[in-house]
Every structure is written in structure tokens, then in C-alpha cells.
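# Coordinate inspection notes
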Amino acid sequence: MPNTPIDLGIDAFSPKEMAEKVETAGVTKAHLGFTQTLMLAILAGAFISFGAAFYTLVITGSELGFGTTRFLGGIAFSLGLVLVIVGGAELFTGNNLIVMAWASRKISSRELLRNWLIVYAGNFIGALGTALLVNLSGVLNFNGGAVGDAAATIANAKIALPLVNAFFLAVLCNTLVCLAVWLCFAARNVSGKILAILFPVSAFVALGFEHSIANMYLIPVAYFHGVDTIPIGGFFLNLLVVTAGNILGGSALVALVYWIIYLRKSA
């Protein structure tokens, strides 16, 4: 029987079509030139940082209760991935889906790692630069310095996380992030993409999962603000552990699972 898409009766691409689109996008991403990849990655780091800054502001001084406050903060943070997907940028965590093209042998291991390294470095530059600019802008002094206090609380909590917890929070985080990106491939319009992003991203933020690129902003912004309880070594250790967890969650639990379901036979 021919392997044809199933008509689900909805205005969206089928999961099989989504898998093929993700695979094609992965090949395109892996073959982008160095300068283009780096600049798009810097943009993504800045975009995620905008979402993280918006999140920090929204939760500051909230008296709506624990769950409601975190949910609203998650919606605010969704701005970052909306800018990445709709505006166009290269985000390391989302690019874990390139593993689908790698598993189909349409790109090499070298091409996969090249993309990840360039994008990770670019995301770091964009996030760090945005953290510095936010600090210089005076945003952290809003509400009598309460926004800066919230930033300090967030950063210290991340540094204090036990490494085992940080790792598995990161696995769960990028499972949801890559599912958000995956769902975007079902959408046929911008509003559909935004809706696909909103709930997975707000869920991972509300649940306190760990996102490596967000942490590239959330920890340094407090450091630049003068918080003296943030060790540089602790920051890089957090990044290392969270990045490893993000790779496992996005690459294995999303990309490889969907590759096995929809693309393995054709490969």
C-alpha cells in the first residue's frame, strides 16, 4: 500500500508531512553558510532573551498565586520562540530536530555538529549582549528595583539547583520546546504557528524546566546587575548540564522518536 498522508479532516499538515518538512528544513539549516548561520543565531539568542526579560517583568510583584503567576510568565516568555519561528532565526534547542535529517543520512555528523556549535556560540553572544543592554537600559530598576530583585532570585535559584535535577528539568524542557517547533510545521499560517508555540512553551516555563539559551540571559543579567552570589564557574556548570539535558530531550525524545515513526522505512 502506498505511504500516503492520512486525511485528518483539519486544516493542517499531517504528521507524516510534518516529518518530511522537518527533515528538509534540517538539510537546509545544516548547509547554511557560516556568516548567515551565526547572525541568525545571534538574533535567536536576543529573541529568547526578550522573552526571558518579559517573563521577569510579568512575575515581579505578582499576587495572583503561584500557578497563575508562572502561567502568565510562561505566556510572556513565549514571545521569544514566536520571534524565532515567525521572524526567522537559528535556535540551538530547536535545531536539535536536525537529528531527523542526520538519521536519514541526508547530512553528516560533521554537518550536524558544525550547525550546533555555530548556533550555540551565536545564541550565547546574542543572549549575553541582550543581558548587558537590559542592564544598561535601567529596566531592572523598574518598580523601585523589584524587577532586579526578581532577576536575582531567578538566577540564584538556577545556580542552586542540584545538577541531577537541572539535567532532567532540561530534558523535559527541550522535549516541550521541540514539540512546539514540531507543531509549527503543521500550521499553514502565522496565527497557527503562534498558537502552536503558546502552550508548550508556557507549560515548560510554568513547570520550571531548564532552557540553556534562556539561562544564557537569566543568569548573566543578574550578574551584570551587581548580584555577587553568582559564581562564574557555577554558571558554566549549569550551562553544561542543562545543555546536555536539552540535547537528550530534543534529539532523542522528539526527533528520533518521530523519525522512527515516520521516516525510518523510507531512509
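From a predicted model like this one, the values you see are computed outputs, not experimental measurements.

### Here's the deal with helix H6 (residues 142–160)
Here H6 spans 26 Å end to end across 19 residues, near enough to the 27 Å set by a 1.5 Å rise per residue. Among the residues of H6, Gly 145, Val 147, Gly 148, Ala 150, Ala 151, Ala 152, Ile 154, Ala 155 and Lys 158 are the ones counted as buried. Of the surrounding secondary structure, the elements contacted by the buried residues of H6 are helix H2 (34–59), helix H9 (212–224) and helix H10 (232–262).

### Focus: the side chain of Ser 212
With respect to the secondary-structure elements, Ser 212 resides in helix H9. Apart from residues no more than four positions distant in its own chain, Ser 212 is found in contact with Phe 92, Thr 93, Tyr 120, Leu 239, Val 242, Thr 243 and Asn 246.

### As for unusual backbone geometry
One non-glycine residue with positive phi stands out, namely Arg 105, at about 65°. Positionally, Arg 105 belongs in the loop between helix H4 (99–103) and helix H5 (109–137). On the basis of relative accessibility, which here comes to 78%, the residue Arg 105 falls in the exposed class. Phi angles above zero are rare outside glycine, and Asn 143 is one such case at about 55°. Tracing the sequence through the fold places Asn 143 in helix H6.

### A word on the state of the cysteines
Disulfides are covalent bonds that connect the sulfur atoms of two cysteines. Applying the stated criterion across every chain, the model contains 0 disulfides. Free cysteine Cys 178: the closest other cysteine sulfur is in Cys 173, separated by 9.1 Å. Judged by relative accessible area, which is 0%, Cys 178 ranks as buried.

### Description of the UniProt feature "transmembrane region" (unreviewed entry) in the protein chain
UniProt marks residues 38–59, 71–92, 113–134, 166–187, 194–214 and 234–261 with the feature "transmembrane region" (unreviewed entry), using the numbering shown here. With 100% helix and 0% strand, the stretch residues 234–261 has end C-alpha atoms that lie 39 Å from each other.

### Thoughts on helix H8 (residues 190–206)
Because each turn of an α-helix spans 3.6 residues, side chains separated by three or four positions in sequence point in the same direction. With 17 residues, H8 should reach 24 Å at 1.5 Å per residue; the first-to-last C-alpha distance of 24 Å fits that figure. Along its length, H8 shows its largest kink, about 25°, at Leu 198, and proline Pro 200 lies within four residues downstream of that point. Taken together, the buried positions of H8 are occupied by Ala 196, Ile 197, Pro 200, Val 201, Ser 202, Phe 204 and Val 205. A positive phi of about 80° marks Gly 208, the residue just after H8.

Cut-offs used in this document
- Residues numbered from 1 in each chain as written.
- Predicted model: local features only at pLDDT ≥ 70, side-chain atom pairs only at ≥ 80, totals over all residues.
- Heavy atoms only, no water.
- Helix = DSSP H or I, 4+ residues; strand = E, 2+ residues; numbered from the N terminus.
- Expected span 1.5 Å × (residues − 1).
- Buried < 20%, exposed > 50% of the residue type's maximum accessible area, 1.4 Å probe, protein only.
- Contact = heavy atoms within 4.5 Å.
- Disulfide = S-S within 2.5 Å.
- UniProt positions renumbered as here; feature names shortened; annotations may be inferred.
- Bend = angle between axes of the 7 residues up to and from the residue.

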